[in-house]
Amino acid sequence: MSRTRIAVNGYGVIGKRVADAVLLQPDMDLVGIADVATDWRIKAAIGRFAVYASTDEADAAMRTAGVPVAGTLDDLLAQVDVVVDTTPKHVAAGNLARYQAAAVKVVFQGGESHETTGHSFVAQANYESALGRDMTRVVSCNTTSIVRVLGALQDAGLLARARGVLIRRATDPWESHLGGIMNTMVPEPKIPSHQGPDTKTVRPELDVVTIAAKGAHTQTHNHYWSIQLTRTASREDVIGALRAAPRIAFIRMADGLVALNSTIELMKDLGRPRGDMWEVAVWEDLVTVVGDEAYLTYQVYNEAIVVPETIDAIRALTETAPTAAASMAITDATLGIRQDFLAGGQRAHPPGRTDDLDRS
Ligand SMILES: NC(=O)c1ccc[n+]([C@@H]2O[C@H](COP(=O)([O-])OP(=O)(O)OC[C@H]3O[C@@H](n4cnc5c(N)ncnc54)[C@H](O)[C@@H]3O)[C@@H](O)[C@H]2O)c1
């Protein structure tokens, strides 16, 4: 099998994680990374990756700062099959003409619009429709989680409609000295918030509305869902549907995982790189079903959830794995994606919780 040659342009929160994930893939080579930064963020990559300058100004500034620059972004593009653009929102779309001139395939991220690529990607939902395309957009962290969770219920024939409230992190930890909010919550100024409509760029058939707010914390998003089912169902039906879907893992209050920080700490204790969680973490003991309505809450590790999707998007564009299942099997094994984080995690009814709301 020939190996796919990859460039990552934009070595920030998402880009550095994608670069590390590419290194783990048996069918991919990371040729280099490109950026415009000159400080610790790019210096930390020296010796691990060939570093390229994304702009002429950056080239001069990086050399002045002592970064050994391997060449320009165009030099890098000349050596690769696919570029993953993880530059900030809207910078990426401005790079498209450069990528097209270099005849490389492109994976964009959720900061760009669906219209930029004409295709939006979540592996388990629509991998096959990206096969052989020139570009796609891996949807945002929140949208990825919604597609995974609501898609699982839809695929099980359980979902009539879903209404969700999303509490987002204020800013990413590395830049929290620059901004963010304290001691308040900031509702998004529009209902529905953009994540619901964005979900439909991947699964148009989902009946979903989202309301969002920014919280005063810096790590992970938290979703609360009220779901109208197609029929009277049991907790086991809903949990079974979620368990049957990939990249959803269960956490439990009964295990002491009672808040966002508990899960974040657990990921570090499990030795995950940067403490990342690629799975959507659904609180199993909070899944509640009353007749034909279900309620659930889950946690989204925004800095990492799109990384496996990005790896799969590369395989879809290059047609190096024929199906979502084939690509995801490689990605999930190399990253170590799990369905449960703790031993003994298959309990359907955690101790200490009664099922008195389950009337099915
Ligand atoms: N941060 C998240 O939680 C998150 C989650 C999912 C998706 N995304 C999306 O991923 C994309 C990247 O976001 P991020 O959070 O990683 O951003 P970031 O700010 O952490 O990283 C962006 C990197 O791009 C570099 N850069 C800036 N201008 C550049 C240019 N012209 N050429 C090359 N490099 C340039 C910056 O120096 C930085 O290293 C965005 O589309 C964002 O919406 C972010």
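Residues numbered from 1 in each chain as written. Predicted model: local features only at pLDDT ≥ 70, side-chain atom pairs only at ≥ 80, totals over all residues. Heavy atoms only, no water.

Overview of helix α13 (residues 306–318)
For an α-helix, the turn length of 3.6 residues means that residues three or four places apart are oriented alike. The end-to-end C-alpha distance of α13 is 18 Å, a good match for the 18 Å that 13 residues give at a rise of 1.5 Å each. Burial analysis of α13 places twelve of its 13 residues in the buried class, which makes it a mostly covered element. Taken together, the buried positions of α13 are Val306, Val307, Pro308, Glu309, Thr310, Ile311, Asp312, Ala313, Ile314, Arg315, Ala316 and Leu317. One or two residues past the end of α13 sits Glu319, with phi positive at roughly 55 degrees. (Helix = DSSP H or I, 4+ residues; strand = E, 2+ residues; numbered from the N terminus. Expected span 1.5 Å × (residues − 1). Buried < 20%, exposed > 50% of the residue type's maximum accessible area, 1.4 Å probe, protein only.)

Digging into unusual backbone geometry
The linkage connecting Ile191 with the following residue, Pro192, adopts the cis geometry, with an omega of 0 degrees. Among the secondary structure elements, Pro192 is positioned in the loop between β10 (186–187) and α10 (195–199). Phi at Arg247 is positive, roughly 65 degrees, even though this residue is not glycine. Assignment of secondary structure puts Arg247 in the loop between α11 (235–244) and β13 (248–251). Taking the relative accessible area as the measure of exposure, Arg247 reaches 3% and is therefore buried.

Quick look at the side chain of Glu303
Of note, Glu303 is situated in the loop between β16 (293–300) and α13. By relative accessible area, Glu303 is classed as buried at 7%. Excluding anything up to four places from it in sequence, Glu303 contacts Val13, Ile14, Arg17, Asp172, Pro173 and Gln219. (Contact = heavy atoms within 4.5 Å.)

Describing the domain arrangement of the chain
One can read the domain layout of the chain as domain 1 (4–139 + 306–335) and domain 2 (141–300). Centre-to-centre, using C-alpha coordinates, domain 1 lies 26 Å away from domain 2. Each partner contributes to the roughly 1,800 Å² buried at the junction of domain 1 and domain 2, and carbon and sulfur atoms together form 56% of this total. On the domain 1 side of the interface with domain 2, the three residues burying the most area are Arg17, Gln124 and Val139, jointly 27% of the side's total. Between domain 1 and domain 2 we count seven salt bridges in total. Note that Arg247 and Asp332 form a salt bridge whose closest N and O atoms lie 2.7 Å from each other. In this assembly, domain 1 and domain 2 are joined by ten residue pairs in polar contact (both at pLDDT 80 or more). Elements represented by at least two residues in the side of domain 1 that touches domain 2 include exactly α1 (13–23), α2 (40–43), β7 (120–121), α8 (123–130), α13 and α14 (324–335). For the side of domain 1 that touches domain 2, the leading source of residues is α13, giving five residues. (Domains from an automatic or database assignment. Buried area = accessible area lost by both parts, 1.4 Å probe. Salt bridge = Lys/Arg side-chain N within 4 Å of Asp/Glu carboxyl O. Polar contact = N/O pair within 3.5 Å; in protein donor to acceptor, adjacent residues only side chain to side chain.)

A look at the layout of surface pockets
In this structure, the largest pocket spans a volume of roughly 1,400 Å³. Residue assignment for the lining of the largest pocket shows that the elements contributing at least two residues are α1, α5 (91–94), α7 (114–117), α9 (141–155) and α10. By residue class, the composition of the lining of the largest pocket is 14 nonpolar, 22 polar and 14 charged. Summarising the domain contributions, the lining of the largest pocket has at least three residues from each of domain 1 (4–139 + 306–335) and domain 2 (141–300). (1 Å grid on protein atoms, 1.4 Å probe; cavity = no way out; pocket = protein on both sides within 12 Å on 5 of 7 lines; lining within 4 Å. Points joined across faces, edges and corners; volume = space filled by probe spheres on them. Nonpolar A, V, L, I, M, F, W, Y, C, P; charged D, E, K, R; others polar.)

A closer look at the packing of α8 against α14
Packing of α8 against α14 brings their axes to within 9 Å, and their N-to-C directions diverge by 120 degrees. Taken together, the axes of α8 and α14 are oblique relative to one another. Within the contact between the two elements, α8 uses Ala123, Gln124, Tyr127 and Glu128 and α14 uses Ala324, Ser327 and Met328. By residue class, the composition of the contact of α8 with α14 is four nonpolar, two polar and one charged. (Axes fitted to C-alpha atoms, helices over the stretch in contact; angles between N-to-C directions. Parallel < 35°, antiparallel > 145°, perpendicular 65-115°, else oblique.)

Observations concerning the environment of Met28
Relative to the helices and strands, Met28 resides in strand β2 (residues 28–35). Each C-alpha atom, one on Met28 and one on Arg315, is 9.2 Å from the other, the two residues being 287 residues apart in sequence. Setting aside chain neighbours within four positions, we find Met28 in contact with Arg3, Thr4, Ile6, Val22, Ile311, Ile314 and Arg315.

Notes on the pairing of strand β5 (residues 82–85)
Residues Val82 and Val84 of β5 are buried on one face, and the alternating residues Val83 and Asp85, pointing to the opposite face, are buried as well. In this structure, strand β1 (residues 4–9) lies alongside β5, joined through four bridges in parallel fashion. Bridge assignment links Ile6 to a residue of β5, and that residue is Val82. Strand direction decides the pairing type here: β5 and strand β6 (residues 105–108), joined by three bridges, are parallel. Its bridge partner being in β6, Val82 is matched across the sheet by Lys105. (Pairing = 2+ DSSP bridges.)

Quick word on the pattern of salt bridges
Considering all chains together, one arrives at 29 salt bridges under this definition. Close ionic contact of Arg5 with Asp81 constitutes a salt bridge, the shortest N to O distance being 2.9 Å. With Arg5 in strand β1 and Asp81 in the loop between α4 (73–77) and β5, this residue pair connects regions lying 76 residues apart in the sequence. Between Asp237 and Arg231 there is a salt bridge whose closest N-O contact spans 3.4 Å.

Overview of the environment of Leu317
Among the structural elements, Leu317 can be located in helix α13. For Leu317, a relative accessible area of 1% translates into the label buried. Distance from Leu317 to Leu131, taken between C-alpha atoms, is 5.1 Å for residues 186 residues apart in sequence. Residues in contact with Leu317, not counting those within four places in the same chain, are Lys105, Val106, Val107, Ala130, Gly132, Arg133, Asp134, Met135 and Thr136.

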